[in-house]
Amino acid sequence: MDELSDPAVQTALKRHLGHAAPFSEKELSSVEDLHVRHARSLFGLNRCSNLEVLTVVGCDAAIDLADVIMIERLRSLNVRDSGLNSLDALAERPWTTTLSCYIPRNCITDVTPLTRIPRLQNADLTGNPLSEHSYRKVVPALREQGTRVLISDELEWKLTRHLHEQGVPVSCYKKKDAFALCRPGMKLTEFPDFGHVEIQEKEVESLLHGNPESALRFFPDVLESAPGSAHRSP
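Residues numbered from 1 in each chain as written. Predicted model: local features only at pLDDT ≥ 70, side-chain atom pairs only at ≥ 80, totals over all residues. Heavy atoms only, no water.

## Some words on the packing of aromatic side chains
Tallied over the full model, the rule gives one aromatic pair. Between the aromatic rings of Tyr-135 and Trp-157, the centroid separation amounts to 3.8 Å while the plane-to-plane angle is 5°, which identifies the pairing as stacked. Placement of Tyr-135 in helix α3 (residues 132-144) and of Trp-157 in helix α4 (residues 154-165) is noted, with a sequence separation of 22 residues between them. Like Tyr-135, the residue Trp-157 is buried in the burial classification. Cation over ring: Arg-93 sits above Trp-95, and NZ or CZ is 3.8 Å from the ring centre. The ring of Phe-179 has Lys-174 sitting right over it, with the charged end atom 4.8 Å from the ring centre. (Phe/Tyr/Trp six-rings, centres within 6.5 Å; stacked < 30°, edge-to-face > 60°. Helix = DSSP H or I, 4+ residues; strand = E, 2+ residues; numbered from the N terminus. Buried < 20%, exposed > 50% of the residue type's maximum accessible area, 1.4 Å probe, protein only. Lys NZ or Arg CZ within 6 Å of the ring centre and 35° of its normal.)

The structure is reproduced here in structure tokens:
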């Protein structure tokens, strides 16, 4: 039996079910909507066999969609401000149901697996370092098949891709009418869903054409944690 070993997952289930682990199979199968924060693994969540809506916030790069994607009733997958870097698990199941996939501010470069979900209704890809192919070819293909797709505008997409390609895990996105920087995943912070910093368009342009590691100056806690270096090692 797959154990629910991640403390953040256990906390989410405790909040939902009203008591601490252990949880019975009957209790786990009763969970239809779950919100998990700051987890490093989703292992064992497949035991929530009737889960329909999963929200994952501020989690580590180690999270693996293979741990949940075989849940047949899953219809809404929400992963934001996390280190998710692959959608390959989505292609491992034959999709006969509808799905909405909201994955803003992660580390996704390739969204090709989404094209293998014929009834994909919505996809939010904003704030991800999408490859040129995904941004210019795959996204239009998704829209042609009827999926409502949100992506970053070109300027913030280019900056996000540039920073990630240079090994700086900082992303840029639009926050209402302003630009903002964030740190998806747990390489630079334990709470990636907090501490987003608004910046001006001229600063976006400067970061795009300047030293990528200068993006870290907007996050003083990163600089403080790495004396003598502007970039903390993973």
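## Considerations on the environment of Leu-77
As for its position among the elements, Leu-77 is in strand β3 (residues 76-80). Counting along the chain gives 46 residues from Leu-77 to Ala-123, while the straight-line C-alpha distance between them is 9.6 Å. Residues contacting Leu-77, with those up to four places away along its chain left out, are Leu-54, Leu-65, Ile-69, Leu-90, Leu-99, Ser-100, Cys-101 and Tyr-102. (Contact = heavy atoms within 4.5 Å.)

## Side note on the nonpolar core
Across soluble globular proteins, nonpolar side chains have a tendency to be buried as a group. With 49 residues, the main nonpolar core has Leu-54 and Leu-114 as its most contacted residues. Mapped by element, the contributors of at least two residues to this core are α1 (7-17), β1 (33-37), β2 (53-57), β3, β4 (99-102), β5 (120-124) and α3. Top contributing element to this core by residue count: α1, with five residues. Counting 17 residues, the second largest nonpolar core, distinct from the first, contains Leu-163, Leu-188, Ile-199 and Ala-215. (Core = buried A, V, L, I, M, F, W, Y, C linked by side-chain atoms within 4.5 Å.)

## Things to note about the packing of α4 against helix α5 (residues 201-209)
Where α4 contacts α5, the axes come no closer than 9 Å and their chain directions differ by 40°. When the axes of α4 and α5 are compared, the pair comes out oblique. Once α4 is placed against α5, the crossing between them reads as left-handed. Residues Leu-155, Lys-158, Leu-159 and His-162 of α4 pack against Glu-201, Val-204, Glu-205, Leu-207 and Leu-208 of α5. Across the contact of α4 with α5, the residue classes tally to five nonpolar, one polar and three charged. (Axes fitted to C-alpha atoms, helices over the stretch in contact; angles between N-to-C directions. Parallel < 35°, antiparallel > 145°, perpendicular 65-115°, else oblique. Left-handed = near helix turned anticlockwise from the far one by under 90°. Nonpolar A, V, L, I, M, F, W, Y, C, P; charged D, E, K, R; others polar.)

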